[in-house]
Amino acid sequence: MQHYNMNLTLKVWRQKNSKKTGNFETFYVKNISSEMSFLEMFDVLNEQLVSEGKEPIAFDHDCREGICGACSMYINGRAHGPWHQTTTCQLHMREYKDGDTIVVEPWRSHSFPVIKDLVVDRSAFDRIIAAGGYVSVNTGNAVDANCLPIEKEKADESFAAASCIGCGACVAACPNASAMLFVSAKVSHLALLPQGAPERRKRALDMVHQMDEEGFGSCTNIGACEAECPKGISLENIARLNREYIGSMLLGNS
Amino acid sequence: MALNSKIPAGQLAEKWTTYKSTCKLVNPANKRQIEIIVVGTGLAGASAAASLGELGYKVKAFCYQDSPRRAHSIAAQGGINAAKNYQNDGDSVYRLFYDTIKGGDYRAREGNVHRLAEVSANIIDQCVAQGVPFAREYGGLLSNRSFGGTQVQRTFYAAGQTGQQLLIGAYQALERQISLGNVTMYARHEMVELVTIEGKARGIIVRDLVSGELERHFGHAVLLCTGGYGNVFYLSTNAMGCNTTAIWKAHKKGAFFGNPCFTQIHPTCIPVSGDHQSKLTLMSESLRNDGRIWVPKKQNDTRIASEISEEERDYYLERRYPAFGNLVPRDVASRAAKERCDAGYGVGTSKQAVYLDFASAIERYGKIEAHKLGKSGASKEEIYALGKDVVKEKYGNLFEMYEKITGENPYLVPMRIYPAVHYTMGGLWVDYELMTTIPNLYALGEANFSDHGANRLGASALMQGLADGYFVIPYTLGNNMADDIRTKAIPTSHPAFEKAENDVKERIERLMNIKGKESVESFHKRLGKIMWDKCGMGRNEKGLQEALEEIKALRNEFWTNVRIPGEINEFNTELDKAGRVADFIELGELMCMDALNRKESCGGHFREESQTEEGEALRDDDNFMYVAAWEYKDESTFQLHREDLVYDVVHPSARSYK
């Protein structure tokens, strides 16, 4: 693969803290290698800002291998940028060419308030899990793991739902800022397994209730969440959540 | 101070059972009065916080990430070992114990490792009960695969995302306890100091990373579950935020540091592509089941891989280690790659890489598939297509990740790989109860030194983290807390808290007031280069002496020339990083000192002066069969304490893979 260098114009959202209003600032970076990751390009920019005595741009990131779910940039109008099923940290600069302008914003959602620059508060997701996204089993109570055979297909489907990284791209991509894909992934993960069965009705009701409490919008079947999800979480999960939820409403939660 | 590892008396296989039946207990009413601090929410921290919350303790959990679910355990790929013997292939608790002791090159404690093997089976049961979706066979039962250094299939997995699924399981258990009010969670909070009162750990000072404010938190006991310190090398497979600060602060307050120089360099990582590189990405060990590692036979060969014929390739692992071939343990494979690159046989633009080639695996699988389909006259292209599908099913997600990062298609051209820092076997010294040399201060998971000796086997880190959190600490903590039931919660206005907070405040102000010219990142990179060059895969006396001088000079420069923009009382990632790098610099010095002291080679620690004629690691059991536990005395001054290792059951022998 041929490597090359490029100069870029960046328009990045700056916001001092949650109380101040923010605005776009324009930056120029030079000699960016096509081998860099998108966040390494931001590292270069930040080093440049520090050397000029300015504050670097704050952004969330940690594992830089696409699994922790911390990174969260809205790049040229798309959550995590242009690559299919790719987190921001795995997007690489060979996507861009010399002279390009890139606009970078934080996740935009009432339920994800901006903390600083590109960093948002996603603790609403933790509270939704705390509302019921678990199996109520204490340590030490478990029987032998192979006492409970599970159809491979079911286990695989459950795993696919469980591969959600909780990054919030689904909310950022949705015009309604709905968290249905996130909630449905957890409900599906557990509803598909026998271990999750005893609590499935209550779980669906409680998690949806908490989602509403947090102020996330409603789902209107647009599908932007699935299109932008870095882990390919399927819309079928939302259909399953709806079934679980309606079933629970009709049958009561026990 | 004499080190007491508190290994229970009796037969090896009876020790843990005896301990559990005789340790002291705390009644439920008293548990409600006892406050426990858990720092870190990876596998060890989340499982400990959840389990202790379930027991009724009042738990406070802290993590620097925005959510406990993001701790770096999440990135573990391959799997988790357990002595279930579901495959009926001769596995047992004893064999898992033995493999781990041998894999660690006879530098771990028998008692601890046997306990780890014993509880390994419970971990799988617990995780399945929580709904962790492990890989399964068509019959509905759990699937297993093999990992390096073993002859049985005992590794449980969830595709290449085992760490993620286990952590989400522990995280969900933790969130449940949060919702029940048994655990209070503090995300985006970093521990910056330990508080001791009358010689016991009684609390911590944390910095709220959003507001920048310092907070005081009391605990009857403090559990550090803060992971490893591989980022001392700047480049590693660790997450960007992984750091040593919590355990380093504890070390400076009196917790001994065990075997700091024991570092695991993982052989198969995507190589460095330039100075901009911020971190390294692992390619799972499982790839070595099918990939063949080679370099050109000709030095400084600049041709592309496809132009180098079979006869001109050196499959150096197969050549040097015919018995194990490409599946030698991590330390051996890493050193062999370095040897070839240093001798001028490396590939790629940097010449710091070797090939991991799947061409013959694709062909082999393709022929098998063609045979199954009865296509005896299948063309080369047909065989390739069939074989590619098999390889994709096994390793698809890893191949995709490789392509995203490098832009090269590993189905067509061999992967380029190079060793990278991955795990630290060293950590805070703990006894059998996981308590450090500071009473009431515990260390769990990668943060302690205890179970992996000088080299960790694949799929054993997840096992240890969860063993410590789910199954060990609930017993051992109670045994100690039973003596603390009369201790009332100490108000954080106590002078010890006051002083600890002031110390932190002064240090932060000192950092901010330097107003120098060089960025934190730049100092971190420079430290990493010293460590990698002189305390990395090969270490020698001269290099380590030089490193000690260079680190001292770097520290002086850091404290006079670092530049930190922004303010103290705000979200300030440069300030967060500065504190961590300052601690890494001090730790780097201790690592070099430990490496200098240990004149033998063992596991991941290769002293070039101590090798066989064939260039293999040469252990010196007569002089170094001990844990080096270092006590902090003063800046750059550490005192060595030795815990002699006694092997009652296993007989240490030379590890050979030829």
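Residues numbered from 1 in each chain as written. Chains lettered and ligands numbered in written order. Predicted model: local features only at pLDDT ≥ 70, side-chain atom pairs only at ≥ 80, totals over all residues.

Asks: Go over the overall build of chain A, please, and point to the residues and values.
Replies: From N to C terminus, chain A includes eight helices and seven strands. C-alpha extents for chain A along the principal axes are approximately 60 × 45 × 35 Å. When contacts within chain A are restricted to residue pairs at least 6 apart in sequence, those whose partners lie at least 24 apart make up 71%. (Helix = DSSP H or I, 4+ residues; strand = E, 2+ residues; numbered from the N terminus. Contact = placed C-beta atoms within 7 Å.)

Asks: Can you lay out the overall build of chain B for me, pointing to particular residues and giving the numbers?
Replies: Summing up its helical and strand segments, chain B has 17 helices and 21 strands in all. The principal-axis extents of the C-alpha atoms in chain B amount to approximately 80 × 60 × 50 Å. Taken over 658 residues, chain B has a buried fraction of 57%. Long-range pairs, those at least 24 residues apart, make up 72% of the contacts in chain B between residues at least 6 apart in sequence. (Buried ≥ 20, exposed ≤ 12 C-beta atoms within 10 Å, placed from the backbone.)

Asks: An account of the sheet that holds strand 11 (residues 263-269) of chain B is requested, with residue identities and associated values reported.
Replies: All names here are of chain B. Strand order in this open sheet of five strands is 11-15-14-12-13, and the pairing throughout is antiparallel. Looking at the sheet topology across the chains shown, the edges are occupied by strand 11 and strand 13 (313-314). Examined bridge by bridge, strand 12 (residues 292-296) and strand 13 share two bridges and lie antiparallel to one another. What sits directly across from Val-295, in strand 13, is Asp-314. (Pairing = 2+ DSSP bridges.)

Asks: So what about the nonpolar core? Which residues, and what values?
Replies: Residues and elements named next belong to chain B. Ranked by internal contacts, the top residues of the largest apolar core, which has 276 residues, are Leu-223, Leu-224, Val-354 and Leu-428. By residue number, the principal contributor to this core is helix 16 (residues 573-597), which donates twelve residues. The contacts of Leu-223, once residues within four sequence positions are left out, are Ile-36, Ile-37, Val-38, Val-39, Ala-48, Tyr-442, Leu-444 and Ile-473. (Core = buried A, V, L, I, M, F, W, Y, C linked by C-beta atoms within 7 Å.)

Asks: Any details on the interface of chain A and chain B? Residues and values, ideally.
Replies: If you look at the interface, chain A gives 70 residues, while chain B gives 64 residues. Counting residues per element, the ones that place at least two in the side of chain A that touches chain B are helix 1 (38-51), strand 6 (114-116), helix 2 (123-130), helix 3 (152-162) and helix 5 (180-191) of chain A. Ranked by residues supplied to the side of chain A that touches chain B, first place goes to helix 1 of chain A with seven residues. Here the residues of the side of chain A that touches chain B are counted per class, giving 31 nonpolar, 22 polar and 17 charged. (Nonpolar A, V, L, I, M, F, W, Y, C, P; charged D, E, K, R; others polar.)

Asks: Give a description of the domain arrangement of chain A that names residues and reports values.
Replies: Residues and elements named next belong to chain A. The domain boundaries assigned to chain A delineate domain 1 (5-116) and domain 2 (123-251). Here the C-alpha centre of domain 2 lies 29 Å away from the C-alpha centre of domain 1. In terms of residue class, the side of domain 1 that touches domain 2 is built from six nonpolar, ten polar and two charged. (Domains from an automatic or database assignment.)

Asks: Help me get a handle on the packing of helix 10 (residues 359-372) of chain B against helix 11 (residues 380-406) of chain B, residues and values and all.
Replies: Residues and elements named next belong to chain B. One can describe the packing of helix 10 onto helix 11 by two numbers: an axis separation of 7 Å at closest approach and a directional angle of 105°. The orientation of helix 10 relative to helix 11 falls into the category roughly perpendicular. The residues of helix 11 that touch helix 10, namely those facing Ala-361, Ile-362, Glu-363, Tyr-365, Gly-366, Lys-367, Glu-369 and Ala-370, are Glu-382, Ile-383, Tyr-384, Leu-386, Gly-387, Lys-388, Val-390 and Val-391. Taken together, the residues that form the contact of helix 10 with helix 11 break down as nine nonpolar, two polar and five charged. (Axes fitted to C-alpha atoms, helices over the stretch in contact; angles between N-to-C directions. Parallel < 35°, antiparallel > 145°, perpendicular 65-115°, else oblique.)

Asks: Explain the pairing of strand 2 (residues 58-62) of chain B to me, and be specific about the residues and the numbers.
Replies: Residues and elements named next belong to chain B. Along strand 2, five of the five residues are buried, which leaves the element largely enclosed by surrounding structure. Both faces of strand 2 are covered, namely the face carrying Lys-58, Lys-60 and Phe-62 and the face carrying Val-59 and Ala-61. In terms of strand pairing, strand 1 (residues 35-39) meets strand 2 through five bridges, oriented parallel. Considered in strand 2, the bridge of Ile-36 is made with Val-59. In terms of handedness, the path from strand 1 via helix 3 (residues 43-55) over to strand 2 forms a crossover that is right-handed. Bridge count for strand 2 against strand 5 (residues 183-186) is four bridges, and the pairing is parallel. Following the sheet pairing, Phe-62 is matched in strand 5 by Tyr-186. (Right-handed = clockwise from strand over helix to strand, strands pointing away.)

Asks: Describe the packing of helix 5 of chain A against helix 6 (residues 200-213) of chain A, listing the residues and the values that go with them.
Replies: All names here are of chain A. Closest axis-to-axis distance for the helix 5/helix 6 pair is 10 Å, and the angle between their directions is 170°. As summarised for this structure, helix 5 and helix 6 are arranged roughly antiparallel, according to the angle between their axes. Between helix 5 and helix 6, the contacting residues are Val-183, Lys-186, Val-187, Leu-190 and Ala-191 on the first element and Arg-200, Arg-203, Ala-204, Met-207, Val-208 and Met-211 on the second. Of the residues assigned to the contact of helix 5 with helix 6, the class counts are eight nonpolar, no polar and three charged.

Asks: I'd like a rundown of the domain arrangement of chain B, residues and numbers included.
Replies: Residues and elements named next belong to chain B. On domain assignment, one finds that chain B holds domain 1 (13-264 + 422-484), domain 2 (266-420) and domain 3 (501-633). For domain 2 versus domain 3, the separation of C-alpha centres amounts to 33 Å. Each partner contributes to the interface: domain 2 provides six residues, whereas domain 3 provides six residues. If one sorts the elements of the side of domain 2 that touches domain 3 by residue count, helix 9 (residues 330-342) sits on top with five residues. Here the residues of the side of domain 2 that touches domain 3 sort into one nonpolar, one polar and four charged.

Asks: Go over the environment of Gln-210 of chain A with me, naming the residues and quoting the values.
Replies: Residue and element names in this part refer to chain A. Structurally, Gln-210 can be placed in helix 6. On the neighbour-count criterion, Gln-210 (21 C-beta atoms within 10 Å) is buried. Considering only alpha carbons, one finds Gln-210 and Asp-98, 112 residues apart in sequence, at a separation of 46 Å.

Asks: Give me the lowdown on unusual backbone geometry, citing residues and values where you can.
Replies: Residues and elements named next belong to chain A. Positive phi outside glycine occurs at His-80, with the angle close to 65°. As for its position among the elements, His-80 is in the loop between strand 4 (78-79) and strand 5 (101-105). Although it is not a glycine, Ala-177 sits at a positive phi angle of roughly 50°. The topology assignment puts Ala-177 in the loop between helix 4 (169-173) and helix 5.

Asks: So what's going on with the sheet that holds strand 7 (residues 200-208) of chain B? Residues and values would help.
Replies: All names here are of chain B. Here three strands make up an open sheet; going across it, the order is 6-7-8 and the pairing antiparallel. Here the strands that pair on one side only, and so sit at the sheet edges, are strand 6 (189-197) and strand 8 (214-218). The average angle at which neighbouring strand axes cross in this sheet is 25°, direction not considered. Sheet analysis places strand 6 next to strand 7, joined by eight bridges and oriented antiparallel. The partner of Ile-197 across the bridge, within strand 7, is Lys-200. The strands touched by helix 13 (residues 495-514) are strand 6, strand 7 and strand 8; relative to strand 6, the strand with the most contacts, the crossing angle is about 140°.

Asks: Give a description of the pairing of strand 14 (residues 354-357) of chain B that names residues and reports values.
Replies: Residues and elements named next belong to chain B. Neither face of strand 14 is exposed, since Val-354 and Leu-356 on one face and Tyr-355 and Asp-357 on the opposite face are all buried. Pairing between strand 14 and strand 15 (residues 415-424): three bridges, direction antiparallel. Bridged to Leu-356 within strand 15 is Met-415.

Asks: So what's going on with helix 2 of chain A? Residues and values would help.
Replies: Judged by how many residues are buried, helix 2 of chain A sits mostly within the fold: six of eight residues are covered. What helix 2 of chain A keeps buried is the set Ala-124, Phe-125, Asp-126, Ile-128, Ile-129 and Ala-130 of chain A. Looking at the buried residues of helix 2 of chain A, the elements they touch are helix 5 and helix 6 of chain A together with helix 6 (162-179) of chain B.

Asks: Quick one: what's the story with the environment of Gly-247 of chain A, residue by residue and with numbers?
Replies: With respect to the helices, strands and loops of the structure, Gly-247 of chain A is situated in helix 8 (residues 236-251). Linking Gly-247 of chain A and Leu-205 of chain A, residues 42 residues apart in sequence, is a C-alpha distance of 9.8 Å.

Asks: Break down the confidence of the model for chain B for me, citing the residues and quoting the values.
Replies: When pLDDT is averaged along chain B, the result is 95, and 100% of the positions lie at 70 or above. Both scores are given for the predicted complex: the pTM is 0.97, the ipTM 0.98. (pLDDT = per-residue confidence, 0-100.)

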